[in-house]
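Coordinates in review
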Amino acid sequence: MFDTKIYQARRQALAKAMDGIGLFPASPPSPMNYEANQYGYVQDSCFAFYFGIPQPFLVGVIDFDSGETILFGDEPTLDDLIWLGSAMPLAEWAKRSGVDRVLRYSELAAWLEKNRRGRIVHYTPPFRGAVTIQLSQWLGVPVADIAQRASVPLVRAIVAQREIKSAEEIAEMEAALAVAAKMHATAMRLSRPGVMEHAVSGAIEGVARAADLMLAYPVIFSRSGEVLHNMTHGQRLVAGDVVINDSGAASHLGYASDITRTLPIGGRFNAKQRVCYELVLRAQRVAIDAARVGTPYLAVHKLAARTMIEGLIAEGLFRGDADAIVESGAYALCFQHGLGHQIGLDVHDMEALGEDLVGYDDTVKRSEQFGLRNLRLAKKLKAGMVVTVEPGLYFIPVLIDRWEAEGRHREFVNYDKVRGFLDVHGVRVEDDVLIADGSARVLGPGIPKEIGEVEAALSA
């Protein structure tokens, strides 16, 4: 946990922005296939941010009007101690979190009944069924209505607070990135012709586990890089392939890292792969340089797209004016996702609160255009935000075939030339970037991404 004063200050700042009562349930455990066989525990990020306790079966309450904070929970039972070993008393957890008092879990409903009269009870959108049921029982609201009654004012206040990262949070992310760098170094060392994808993805995960960390998200390691979130690992690596490795660790306090590198199997990019890789890397450099305070991330996304399209025009895959191609949406034939997202306690930070409330605001609304609608962050950048910058080029057969059959963007796209790049599959380069008052800073120890560096690592 961070220092007690950090959690107290966070809650006090939130209370100044709100009135009524705030409910913050901890995440319940997640069974694999029966109750006692559970996945590794991941705390709800809002509970973690305001209370810091890495335990389930707790509820934090903030009385926004009085400023009082209460932790509802129970002491470990004898069975808990027998099966799970010694456990910290709840009073000690409460002390470390700096809450005012502790009450039994079973007392929450009665406390709410007594204290909520005439006041709003605020909660964030639940993403776990068990929490939805708990909220329904505590508040006397039908289960089907719980999600739509989540508090938009609370979400907006949390987003405003959490999207600006403190020095302590940046240090946690740097610690996660130090392990992520070792994960990617391991992938570069092991990615050889004839090796199975699962052998490399398993070793990547092992690096995180050996550091006593969890993955920030399941490893994406695939020679089929055109499948954007490909989490299957059943193929054998072949000389001449490029492989996308998208993997990151979460720090001890849950802060994520999210890094992607594209690796040439056999140690060298071929001509078409090199063209695509250089365009993606150029777009990333341009985007990072443009990621300044006050700049809408939507504009940075379009700049990255235009940079790649200019190169693809030179290669004959597109024709016409680059800006017109970007505005029309034709570019999304090869760049289907957004440039990036915020990152912090969640790898897609605060996404459970509602993507539009996190990445958009009153100045910018989500587009319905194919590709652009996948942009998770579009609003103006602020000092202290941490965002991913992850341009990519992907050649997806079913998408190319469908667009050509429908006659989409024929004035801009040379479909025969695009189809000639199908064997490139996909290329992506991603880093985690801190937005500052001056230029943005790439976080972490540095992971090879220049062509010479990557080829040297794969040939060693």
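Described in the following lines is the structure provided in the data block. Everything numeric in this text was worked out from a predicted model, so none of it was measured.

**Here's the deal with helix H11 (residues 271–290)**
Helical geometry: 3.6 residues make up each α-helical turn, so side chains three or four residues apart lie on a common side. A rise of 1.5 Å per residue sets the reference length of H11, with its 20 residues, at 28 Å; its end C-alpha atoms lie 29 Å apart and thus fit the reference within 8%. Listing the buried residues of H11 in full gives Gln273, Val275, Cys276, Tyr277, Leu279, Val280, Leu281, Ala283, Gln284, Ala287 and Ile288. Measuring from the backbone nitrogen of lysine 272 back to the side-chain oxygen at the start of H11 gives 3.2 Å, which picks out asparagine 270 as the cap.

**Comments concerning the pairing of strand E5 (residues 69–72)**
Where burial is concerned, the two faces of E5 agree: the one with Thr69 and Leu71 and the one with Ile70 and Phe72 are both buried. Of the strand pairs in this sheet, strand E4 (residues 59–63) and E5 are connected by four bridges, and their pairing is antiparallel. The partner of valine 59 across the bridge, within E5, is phenylalanine 72. In this sheet, strand E6 (residues 101–103) lies alongside E5 in parallel orientation, the contact comprising three bridges. The residue of E6 that forms the bridge with leucine 71 is valine 102.

**Some points on the pattern of salt bridges**
Summed over all chains, the structure comprises 31 salt bridges. Between arginine 96 and glutamate 92 there is a salt bridge; the shortest N-O distance is 3.3 Å. Here arginine 96 pairs with glutamate 92, and both are found in helix H4 (residues 90–97), just four residues apart, close to one helical turn. A relative accessible area of 38% places arginine 96 in the partly exposed class. A salt bridge links arginine 274 to glutamate 455; its shortest N-O distance comes to 2.8 Å. Of this pair, arginine 274 sits in helix H11 while glutamate 455 is found in helix H17 (residues 451–459), placing the two residues 181 residues apart along the sequence.

**Describing empty space enclosed by the protein**
Following the criterion strictly, the structure yields three cavities of 30 Å³ or more and no others. Taken as a whole, the largest cavity holds about 80 Å³ of empty space. Class assignment of the residues belonging to the lining of the largest cavity gives a composition of two nonpolar, four polar and four charged.

**Remarks on the side chain of aspartate 349**
Examined against the element boundaries, aspartate 349 turns out to sit in the loop between helix H13 (322–328) and helix H14 (355–359). Residue class for aspartate 349 comes out buried when judged on its relative accessible area of 3%. At 3.2 Å, the side chain of aspartate 349 forms a polar contact with the side chain of arginine 162. If we skip the residues at most four places from it in the chain, aspartate 349 touches Arg162, Lys165, Gln342, Ile343, Gly344 and Val358.

**Describing H17**
Every buried residue of H17 is accounted for by Ile451, Val454, Glu455 and Leu458. Buried residues of H17, seen end-on, are gathered within an arc of 95 degrees and therefore sit on one face of the element.

**Regarding the sheet that holds E5**
Spatial ordering of the open sheet is given by E6-E5-E4-E1-E7, a layout of five strands whose pairing is mixed. Single-partner strands in this sheet number two, and they are E6 and strand E7 (121–122). The pairing of strand E1 (residues 21–25) with E7 spans two bridges and is classified as parallel. Across the sheet, residue isoleucine 21 finds its bridge partner in E7, namely valine 121.

**Some words on the nonpolar core**
The biggest cluster of nonpolar side chains holds 126 residues, and the ones touching the most others in it are Leu14, Phe24, Phe318, Leu333 and Phe395. Ranked by residue count, the leading element in this core is H11, at nine residues. Every residue in contact with phenylalanine 318, bar those within four places of it in the chain, is listed here: Ile309, Leu312, Ile313, Ile325, Ala330, Tyr331, Leu333, Cys334, Phe412 and Val413. The next biggest cluster of nonpolar side chains, apart from the first, holds 20 residues, and it includes Val61, Leu103, Val131 and Trp138.

**Topic: the packing of aromatic side chains**
Here a ring pair, both rings aromatic, is described through the centre-centre distance and the interplanar angle of the planes. This structure, assessed with the given rule, holds twelve aromatic pairs. Ring pairs connect the aromatic residues Phe24, Phe47, Phe49, Tyr50 and Phe51, which therefore count as one cluster. Directly above the ring of phenylalanine 49 sits arginine 10, whose terminal nitrogen or CZ lies 3.9 Å from the centroid. Of note, lysine 272 hangs over the ring of phenylalanine 421, and the distance from its end group to the ring centre comes to 5.8 Å.

**Re the state of the cysteines**
This model, assessed by the stated rule, comprises zero disulfides. You can see cysteine 334 has no disulfide; the closest cysteine sulfur is in cysteine 276, sitting 7.9 Å from it.

**Focus on the side chain of lysine 449**
Considering the arrangement of structural elements, one finds lysine 449 in the loop between strand E17 (441–442) and H17. A polar contact is formed between the side chain of lysine 449 and the side chain of aspartate 431, at a distance of 2.8 Å.

**Thoughts on the sheet that holds E17**
One open sheet holds the three strands; their spatial order is E13-E16-E17, and the pairing between them is antiparallel. The open sheet has two free edges, formed respectively by strand E13 (386–389) and E17, since each of these has just one partner strand. Two strands pair when backbone bridges link them, and strand E16 (residues 431–434) and E17 are joined in this way by two bridges, in the antiparallel orientation. Its bridge partner lying in E17, valine 433 is registered against valine 442. The sheet contacts of H11 involve E13, E16 and E17, and relative to E13 the element is tilted by about 155 degrees.

Calculation rules
- Note that residues are indexed from 1 along each chain, following the sequence as it is written.
- With the structure being a predicted model, the display of local features is reserved for residues of pLDDT at least 70 and the display and counting of side-chain atom pairs for 80 or more, all residues being used for whole-chain, interface and lining totals.
- Each side-chain value is derived from all of the structure's non-hydrogen atoms; neither hydrogens nor water enter the calculation.
- Secondary structure elements are taken from DSSP: a helix is a run of H or I of four residues or more, a strand is a run of E of two residues or more, and numbering for both begins at the N terminus.
- Multiplying one less than the number of residues by 1.5 Å gives the expected span of a helix.
- Each residue is placed in one exposure class: buried if its accessible area under a 1.4 Å probe, protein chains only, is under 20% of its type's maximum, exposed if it is over 50%, and partly exposed if it falls in between.
- Residues adjacent in sequence count toward polar contacts only when both atoms are side-chain atoms; beyond that, a polar contact is any pair of N or O atoms within 3.5 Å, and within protein one must be able to donate a hydrogen and the other to accept it.
- Between any two strands, at least two bridges found by DSSP are needed for them to pair.
- Any Lys or Arg side-chain nitrogen found within 4 Å of a carboxyl oxygen on Asp or Glu counts as a salt bridge.
- Here the term cavity refers to a set of points on a 1 Å grid, laid over the protein atoms alone, in which a 1.4 Å probe fits but cannot get out; the term pocket refers to an open set having protein on both sides within 12 Å along at least five of seven lines, with lining residues being those that place an atom within 4 Å of a point.
- Grid points are joined across faces, edges and corners, and a volume is the space filled by probe spheres set on the points.
- Side-chain classes are defined by residue name, with Ala, Val, Leu, Ile, Met, Phe, Trp, Tyr, Cys and Pro counting as nonpolar, Asp, Glu, Lys and Arg as charged, and the others, Gly among them, as polar.
- By definition, residues are in contact when any of their heavy atoms lie within 4.5 Å.
- The arc in question is the one spanned by the directions pointing from the helix axis to the C-beta atoms.
- Among buried residues, those of type Ala, Val, Leu, Ile, Met, Phe, Trp, Tyr and Cys that are joined through side-chain atoms within 4.5 Å constitute a nonpolar core.
- Stacked, tilted and edge-to-face are the three classes assigned to paired rings of Phe, Tyr and Trp, where Trp is represented by its six-membered ring and a pair needs centres within 6.5 Å; plane angles under 30 degrees give stacked, over 60 edge-to-face, the rest tilted.
- Only when the NZ atom of a Lys or the CZ atom of an Arg is both within 6 Å of the ring centre and within 35 degrees of the ring normal do we say a charge sits over the ring.
- The criterion for a disulfide is a pair of cysteine sulfur atoms lying within 2.5 Å.
- Interaxial angle, 0 to 180 degrees, is taken between N-to-C directions of lines fitted to C-alpha atoms, where a helix line uses only the stretch in contact.

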